[in-house]
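As a plain string of letters, each chain reads:
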Amino acid sequence: MGHTRVRFAPSPTGYLHIGGARTAIYNWLFARKTGGVFILRIEDTDVSRGSPELVQGILDGLRWLGLDWDEGPYFQSQYAGEHREAAQKLLESAHAYRCFCTPDELKARRERALAEKRDVKYDGTCRNLSPEEVKAKEDAGVPFAIRFKMPEGPGSVAFRDEVYGPIEKRFADLEDFVVVRSDGSPLYILSNAVDDIRDGITHIIRGQDGLANTPKQILIYEALGKEPPVFAHMSFTLDPKRAKISKRRHGEVATVEFYRTHGFIPWAVLNFLVLLGWSTPDDREFFDRAELIRAFSLEGVGKASSVFNFHKGDPKFITDPKLMAINAHYLRTMELSELAPLIRAEMEAAGIWDDMFEGAEREWFLATVDLIRSRYHLLSDFVTEGAAYFSDEFPMNENALNKNLLKSPELAGWLPELADEIDALEGFTLESTEGAIRGFADKKGVKAGVIINGVRAAVTGQLKGPGLFDVLIAVGKDRVVRRLREVGRYY
RNA sequence: GUCCCCAUCGUCUAGCCAGGUCCAGGACACCGGCCUUUCACGCCGGCGGCAGGGGUUCAAAUCCCCUUGGGGACGCCA
């Protein structure tokens, strides 16, 4: 395929939206797949021009997902001169003309057309001005915008979209669109095309809203004497009500930042996002980086929009259940050595990280993570539900307290007694602890479960968890004994 | 008002382009079971869909048309 060049061109909004992330992912994957170049370009014309902090959120999101770009970030605002030059060329080659209609006039005409249920396209008032009329207005200093001159006649623009197939649009259904404002500033549709030409973009992979703009942009390419690139439009991601996802409506869940701060594994998020509207013929769902790059293809991109299945206020799923399932899958299956740094970050943030976990206690740390990870969904679970394994500061689950400790008041006295027996144990092993606890239950004439559950609650603050004897070994003799002796504080 | 796109379980989807092997397969979610001191994991099973209607054909989820539903574009926004 030669050297492909693709770009992700977000406007600086301050955060990376999940829809934008998906677009970025597809571009990145395509570049990596084809050995091409992935370019980052910030489309900062108009309002948000010149606010670096709004760009930062986007860069952070891309980096967190592991998407590395080869060129850029370029800033569209820096090329306004080029965009204007292109408009000049269009004017000179009669592919565009000066339009002296004022925005107010246009707005009025437009509203009238809408009210009368007529077509709202530009009526072509200035299209056929004579050279004399144009000169007179220019001399009089009447401000003008520049409009692209749509070809006349029954012709059409045709192209093949890599995901939607052949698309054809009649000139008659298009209008003379504005390319430069009357204040001389270029518009997106022009700037975008000019930038793509300059950056040598070979494949434009973008959201489906660009599909309707594509014929116009192809016309711009042709008027400028350039070969249009290959286009591939991706369907949208909608909410369960089939409305577009936005930060405004849906809040933080719509941003990558949310996942970064809520215990998600970057690769899991990427894996989920890539599956939203793309699949392989064998319907595979988990990939490592190399596998995904190998498997990716524009052919697998679906035409139908997909739903991001998020329900605000759901106590069980803070985001799409599938995303949580994928996160949990990676959490329990990924290499411990790769998982450890992610957990470390959580623990540092929670203030319970100890450098020993990467030093003398590394083996213990990894084994403990491995012991508990199969029941966790989020990285943050290690510092909430899992805090007792790593720190003496841990929360006591209310249900565990009521059901397994308070309900059996005798435990207040028994557990310290058991602590002494465990402390006196020859060895501290699965066998010895199990023997001690079952023997203790027999001696007190209760079912082992009563003691086991009480110990679990006192030692981990949890109602559930791995097999208790494994838990004891992981937590360690000293801590177990201490926590059992101090059980009185809960009564 | 004009133009364009889309349509398989609740959700993500395989199958559709090259019609039969599909009384439609997988995943998530949900329900039940096994395992078990608990909870997960794992395993087994269940629930659940070709939007509707016409064609074409020996045969249609697959091809064609219409209807319905959804989305998008039509800015001196990006």
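Preceding this paragraph is the structure being described.
Rules used throughout
- Residues numbered from 1 in each chain as written.
- Chains lettered and ligands numbered in written order.
- Predicted model: local features only at pLDDT ≥ 70, side-chain atom pairs only at ≥ 80, totals over all residues.
- Heavy atoms only, no water.
- Pairing = 2+ DSSP bridges.
- Helix = DSSP H or I, 4+ residues; strand = E, 2+ residues; numbered from the N terminus.
- Axes fitted to C-alpha atoms, helices over the stretch in contact; angles between N-to-C directions.
- Contact = heavy atoms within 4.5 Å.
- Phe/Tyr/Trp six-rings, centres within 6.5 Å; stacked < 30°, edge-to-face > 60°.
- Near = heavy atom within 4 Å.
- Polar contact = N/O pair within 3.5 Å; in protein donor to acceptor, adjacent residues only side chain to side chain.
- Nonpolar A, V, L, I, M, F, W, Y, C, P; charged D, E, K, R; others polar.
- Disulfide = S-S within 2.5 Å.
- Buried < 20%, exposed > 50% of the residue type's maximum accessible area, 1.4 Å probe, protein only.
- Salt bridge = Lys/Arg side-chain N within 4 Å of Asp/Glu carboxyl O.
- Core = buried A, V, L, I, M, F, W, Y, C linked by side-chain atoms within 4.5 Å.

### Brief notes about the sheet that holds strand E3 (residues 71–75)
What links the strands of a sheet is backbone hydrogen bonding, and the strands pair in either a parallel or an antiparallel sense.
No. 1: Strand order in the open sheet formed by 3 strands is E1-E2-E3, and the pairing between neighbours is parallel. Unpaired on one side and paired on the other, strand E1 (5–8) and E3 mark the two borders of the sheet. Neighbour to neighbour, the strand axes of the sheet diverge by 25 degrees on average, direction disregarded.
No. 2: In this structure, strand E2 (residues 37–42) lies alongside E3, joined through 3 bridges in parallel fashion. Residue pairing in the sheet places Ile 42 in a bridge with Phe 75 of E3.
No. 3: Along the sheet, helix H1 (residues 18–34) contacts E1 and E2; its crossing angle with E1, the most-contacted strand, is approximately 165 degrees.

### Re the environment of Leu 187
No. 1: Relative to the elements of secondary structure, Leu 187 occurs in the loop between strand E8 (178–180) and helix H6 (188–198).
No. 2: Distance from Leu 187 to Ala 80, taken between C-alpha atoms, is 9.5 Å for residues 107 residues apart in sequence.

### Some details on the packing of aromatic side chains
No. 1: Counting across every chain of the model gives 19 aromatic pairs.
No. 2: Here Trp 353 and Phe 365 contribute two aromatic rings whose centre-to-centre distance is 5.7 Å and whose plane-to-plane angle is 90 degrees, an arrangement assigned as edge-to-face. Of this pair, Trp 353 sits in the loop between helix H13 (336–350) and helix H14 (362–372) while Phe 365 sits in helix H14, placing them 12 residues apart in sequence.
No. 3: Centroid distance Phe 357 to Phe 390: 6.0 Å. Interplanar angle 65 degrees. Geometry classified as edge-to-face.

### A word on the protein's contact with RNA strand B
No. 1: In the vicinity of RNA strand B lie 64 residues, with Cys 101, Arg 110, Gly 277, Asp 283 and Lys 316 positioned nearest.
No. 2: When the atoms of RNA strand B within 4 Å of the protein are sorted by group, sugar and phosphate make up 71%.
No. 3: Within the side chain of Ser 279, an N or O atom sits 2.6 Å from a phosphate oxygen of RNA strand B.
No. 4: Counting residues per element, the ones that place at least two in the surface near RNA strand B are helix H4 (103–115), strand E7 (165–170), strand E12 (306–307), helix H12 (321–333), helix H19 (448–460) and helix H20 (468–475).
No. 5: Top element by residues in the surface near RNA strand B is H12. It accounts for 4 residues.
No. 6: Taken together, the residues of the surface near RNA strand B sort by class into 24 nonpolar, 16 polar and 24 charged.

### Some words on the sheet that holds strand E5 (residues 145–148)
No. 1: Taken together, 3 strands build an open sheet; the order of strands is E4-E5-E8 and the sheet is antiparallel. One side of each edge strand has no neighbouring strand; the edge strands of this open sheet are strand E4 (96–99) and E8. Across the sheet, the axes of successive neighbouring strands diverge by a mean angle of 40 degrees, strand direction being ignored.
No. 2: Looking at chain direction, E4 and E5 are connected through 4 bridges and run antiparallel. Its bridge partner being in E5, Cys 99 is matched across the sheet by Ala 145.

### Things to note about the state of the cysteines
No. 1: On inspection of all chains with the given rule, the structure shows 0 disulfides.
No. 2: Of all cysteine sulfurs, the one in Cys 126 lies closest to Cys 101, which takes part in no disulfide; the gap is 3.5 Å.
No. 3: Owing to a relative accessible area of 9%, Cys 101 belongs among the buried residues under this scheme.
No. 4: Judged by its relative accessible area of 5%, Cys 126 is buried.

### Topic: the pattern of salt bridges
No. 1: Across all of its chains, the model carries 37 salt bridges by this definition.
No. 2: Among the ionic pairs, Asp 123 bridges to Arg 109, the shortest N-O distance being 3.0 Å. Placement of Asp 123 in the loop between H4 and helix H5 (131–139) and of Arg 109 in helix H4 is noted, with a sequence separation of 14 residues between them.
No. 3: Arg 482 is the salt-bridge partner of Asp 392, the closest N and O atoms lying 3.4 Å from each other. Of this pair, Asp 392 sits in the loop between helix H15 (387–390) and helix H16 (398–406) while Arg 482 sits in helix H21 (residues 477–485), and the two are 90 residues apart along the sequence.
No. 4: One continuous salt-bridge network, built from bridges that share partners, spans Arg 7, Arg 41, Glu 43, Glu 82, Asp 195, Asp 196, Arg 198 and Asp 199.

### A look at the nonpolar core
No. 1: In this structure, Tyr 259, Phe 365 and Leu 484 are the most contacted members of the largest nonpolar core, which totals 144 residues.
No. 2: At 9 residues, the largest contribution of residues to this core is made by H1.
No. 3: Beyond its immediate sequence surroundings of up to four residues, Tyr 259 is in contact with Ile 18, Trp 64, Val 253, Phe 264, Val 269, Phe 308, Thr 319 and Leu 323.

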